[in-house]
Amino acid sequence: MSKAFLTIEHVDKSFTRGAMTNEVLTDISLSVNQGEFISIIGHSGCGKSTLLNIVAGLTQATKGVVFLEGKVVDEPGPERAVVFQNHSLLPWLTCYENVSLAVDKVFGRTKSKAERHDWVMHKLKLVNMEHAKDRRPSEISGGMKQRIGIARALAMQPKVLLLDEPFGALDALTRTHLQDQVMQIQAELNNTVLMITHDVDEAVLLSDRIVMMTNGPSARIGEILDVDLPRPRKRLELVSDRTYIAARAAVLKFLYERHKFVEAA
Amino acid sequence: MTPTAAATSNVTQLKPQAAAPTATVVPLPAPAAKKPFFSPRAKTRMMEWGATVIPPLLTTAVLLILWEVLCSSPTSSLPAPSKVVSDTWELIANPFYDNGGNDKGLGWQLYASLKRVALGYALAAIVGIGLGALVGASTWAMRGLDPVFQVLRTIPPLAWLPLSLAAFRDGEPSAIFVIFITAIWPVIINTAVGIRNIPQDYKNVAQVLRLNPIEYFHKIMLPAAAPYIFTGLRIGIGLSWLAIVAAEMLIGGVGIGFFIWDAWNSSRISDIILALIYVGAVGFVLDRIVALIAVAVTRGTANA
């Protein structure tokens, strides 16, 4: 049986505090092919971030397994690099040092010092941030921080790139700019990407498939939508594209008609 | 045809075109060709400098005048500042004389005290950061040690002195121990708080990178907790300097504390006042030094 690149098999997650058990995820199964861009969309509190953390290995599933290339995922590691929502750069290091911390750790044995330097500079260039390499995170804008976060993740040369609402905290203009950049990088490197988002346009624009989650507690995968749009995709041309409009409508319908967000009682 | 002509050719002209208005340029009176003595930038810099320096100078002057007025009567029990200066001029002018025994200049007295503080404080910093890291990182260590720390830290520094004299049978190590035991608590507690407050994000980064415990300690834990650690170190240096004066009064020998006590025993009140001023100045300088190191080490994330 040929296994997919990344498989999530029957994952359940519940948090127990004292006698209270809180079911967050129920029976999540998903297989992702190499080079695929998957978005996970759902209302807030539906456990999408928990799912991502399980794939990252930062959280353990209560039941079920995650396989990456046939190997069980049970701890975090650089082959599943995460871009955190709040960038998580280390404020005492410069942008360059933030990336090189990852590079030195991952490639400390396999690459020479000069090679590692070139590698860091290449990743900074990829996100157009080589001009700010000696600045500290506090001295650059939110969008720039997130770009350094992406550079750091890419620098680990991950098998799967995990994006946890990477553009959620950014203003709309910066967000579009970064989305375009991510598409470009994706076209260049053909990464396997799992992205959490709550932005419908972002999901349709970037992904090959959109995983829509039902509301928590006990959230499950409600529907998976194939976005059959050719790449490279151009934001402006898509606005009037029929496939795009249909996909967008399907996601909106799922989120706002069938699984309307109800404030937890 | 020029463009304007083209535009106007098929329009009935209402008025004969007026001649282009001419203007005579009247030059404004040239500014007085006097160059300012200071460039404007130097002037603002000087004004800023003055704004920070003048208020403390003023308050000091007012306090000195008040003191002079209050203590100038012949029946006054404390000397006025003018009398302090004239009484202690020998000490001010020769800070580094050495007549053997305890009869040394104030420079030497302060040096002896600073040496004790340096040793006790350095030990407290090293042990304190280590213990603080342990308590901050391990819940079990915290449960076991925190109650002990909370009780021990309320013991006044001097209360340790008899016990340490009994243990060490010598004044010198006892004084150093008192400094150590005084300075260590704020270092431990602040380090532990700093480490407990390391954001989950940094821990996640460390986990994704698979940093080993040693790498985690010096690449994430120390820098993330550094602002807290330096807060503890700053409180610690202040407390050490407070404690050394008291401890030296009791152990005797060379040192600014015993100098004050000795002056009191021989009724040299002016010497006491001069020594107190020196103690205050040194304490201030010590605090600034630790604060500046903090800024340099934490690259500006700690407050000066």
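Remember, it's a predicted structure, so these values are computed and weren't measured experimentally.

Time to look at the sheet that holds strand E10 (residues 221-226) of chain A. All names here are of chain A. With respect to topology, six strands assemble into an open sheet ordered E6-E7-E8-E3-E9-E10, the strand pairing being mixed. Two strands close off the open sheet at either side, each with one partner strand: strand E6 (80-83) and E10. Ignoring strand direction, the axes of neighbouring strands in this sheet form an average angle of 20 degrees. In the sheet, E6 pairs with strand E7 (residues 160-164) via four bridges, with the strands oriented parallel. When the sheet's bridge partners are listed, Ala81 is paired in E7 with Leu161. The strands touched by helix H8 (residues 242-258) within the sheet are strand E3 (37-41), strand E9 (209-213) and E10, with E10 carrying the most contacts at an inclination of about 170 degrees.

Our focus in this paragraph is the UniProt feature "transmembrane region" (unreviewed entry) in chain B. Residue and element names in this part refer to chain B. Using the residue numbers shown here, the UniProt feature "transmembrane region" (unreviewed entry) corresponds to residues 118-141, 174-195, 241-261 and 273-297. Taken as a whole, residues 118-141 contains 96% helix and 0% strand, while its terminal C-alpha atoms sit 29 Å from one another. For residues 174-195, helix accounts for 100% and strand for 0%, while the C-alpha atoms at its two ends are 31 Å apart.

On to the interface of chain A and chain B. If you look at the interface, chain A gives 24 residues, while chain B gives 16 residues. Summed over both sides, the interface between chain A and chain B buries roughly 1,800 Å², with carbon and sulfur atoms accounting for 65% of that surface. Ranking the residues of chain A by area buried against chain B places A:Trp92, A:Leu101 and A:Lys105 at the top, with a combined share of 36%. Summed over the shared surface of chain A and chain B, the number is three salt bridges. For the salt bridge of A:Lys105 with B:Glu215, the shortest nitrogen-to-oxygen distance reads 2.9 Å. Joining chain A to chain B, the criterion identifies five residue pairs in polar contact (both at pLDDT 80 or more).

Core analysis: the biggest nonpolar cluster contains 145 residues, and A:Leu6, A:Leu124, A:Leu194, A:Ile210 and A:Val251 have the highest contact counts within it. If you tally residues by element for this core, the top one is helix H9 (residues 213-251) of chain B, at 14 residues. In contact with A:Leu194, other than residues within four places in its own chain, are A:Leu6, A:Val32, A:Ile38, A:Ile40, A:Leu52, A:Val55, A:Leu161, A:Leu162 and A:Leu163.

The subject of this paragraph is the packing of helix H4 (residues 106-137) of chain B against helix H7 (residues 171-196) of chain B. Residue and element names in this part refer to chain B. Direction vectors running N to C along H4 and H7 enclose 30 degrees, while the axes themselves pass 6 Å from each other. The orientation of H4 relative to H7 falls into the category roughly parallel. The element H4 and its partner H7 pack so that their crossing is right-handed. By residue class, the composition of the contact of H4 with H7 is 22 nonpolar, five polar and three charged.

Moving on, we come to helix H6 (residues 160-168) of chain B. All names here are of chain B. Taken residue by residue, H6 has Trp160, Leu161 and Ser164 as its buried positions. Seen along its axis, H6 keeps its buried residues to an arc of 90 degrees; they face one direction. Of the exposed residues in H6, the ones pointing more than 90 degrees away from its buried face are Pro162, Leu163 and Ala166. Buried residues in H6 make contact with helix H5 (139-152), H7 and H9. Where H6 ends, the next residue or the one after it, Arg169, has phi of about 55 degrees, a positive value.

Moving on: the pairing of E7(A). Residue and element names in this part refer to chain A. In terms of burial, E7 is largely enclosed, as five of its five residues are buried. Side-chain alternation along E7 places Val160, Leu162 and Asp164 on one buried face and Leu161 and Leu163 on a second face that is also buried. Judged from the five bridges that link them, E7 and strand E8 (residues 192-197) form a sheet pairing that is parallel. By the bridge assignment, Leu162 is partnered in E8 with Leu194. For the crossover that starts at E7, traverses helix H5 (residues 172-189) and ends in the parallel E8, the hand is right-handed.

A word on empty space enclosed by the protein. Residue and element names in this part refer to chain A. Under the defined criterion, the tally for this structure stands at one cavity of 30 Å³ or more. The calculated volume of the largest cavity comes to roughly 90 Å³. Around the largest cavity, the lining residues are Phe37, Ile150, Leu154, Leu161, Leu163, Val182, Ile185, Gln186, Asn191 and Val193. For the lining of the largest cavity, the secondary-structure elements that each account for two or more residues are helix H4 (142-155), E7 and H5. Here the lining of the largest cavity gets three residues from one element, more than from any other, and that element is H5. Tallied by class, the residues present in the lining of the largest cavity amount to eight nonpolar, two polar and no charged.

Let us now look at the environment of A:Asp201. Residues and elements named next belong to chain A. Among the secondary structure elements, Asp201 is positioned in helix H6 (residues 200-206). C-alpha of Asp201 to C-alpha of Leu252: the two residues are 51 residues apart in sequence and 9.7 Å apart in space. Other than its neighbours up to four places away in sequence, Asp201 contacts Tyr244 and Arg248.

Rules and cut-offs
Residues numbered from 1 in each chain as written. Chains lettered and ligands numbered in written order. Predicted model: local features only at pLDDT ≥ 70, side-chain atom pairs only at ≥ 80, totals over all residues. Heavy atoms only, no water. Pairing = 2+ DSSP bridges. Helix = DSSP H or I, 4+ residues; strand = E, 2+ residues; numbered from the N terminus. Axes fitted to C-alpha atoms, helices over the stretch in contact; angles between N-to-C directions. Contact = heavy atoms within 4.5 Å. UniProt positions renumbered as here; feature names shortened; annotations may be inferred. Buried area = accessible area lost by both parts, 1.4 Å probe. Salt bridge = Lys/Arg side-chain N within 4 Å of Asp/Glu carboxyl O. Polar contact = N/O pair within 3.5 Å; in protein donor to acceptor, adjacent residues only side chain to side chain. Core = buried A, V, L, I, M, F, W, Y, C linked by side-chain atoms within 4.5 Å. Buried < 20%, exposed > 50% of the residue type's maximum accessible area, 1.4 Å probe, protein only. Parallel < 35°, antiparallel > 145°, perpendicular 65-115°, else oblique. Left-handed = near helix turned anticlockwise from the far one by under 90°. Nonpolar A, V, L, I, M, F, W, Y, C, P; charged D, E, K, R; others polar. Arc of directions from axis to C-beta. Right-handed = clockwise from strand over helix to strand, strands pointing away. 1 Å grid on protein atoms, 1.4 Å probe; cavity = no way out; pocket = protein on both sides within 12 Å on 5 of 7 lines; lining within 4 Å. Points joined across faces, edges and corners; volume = space filled by probe spheres on them.

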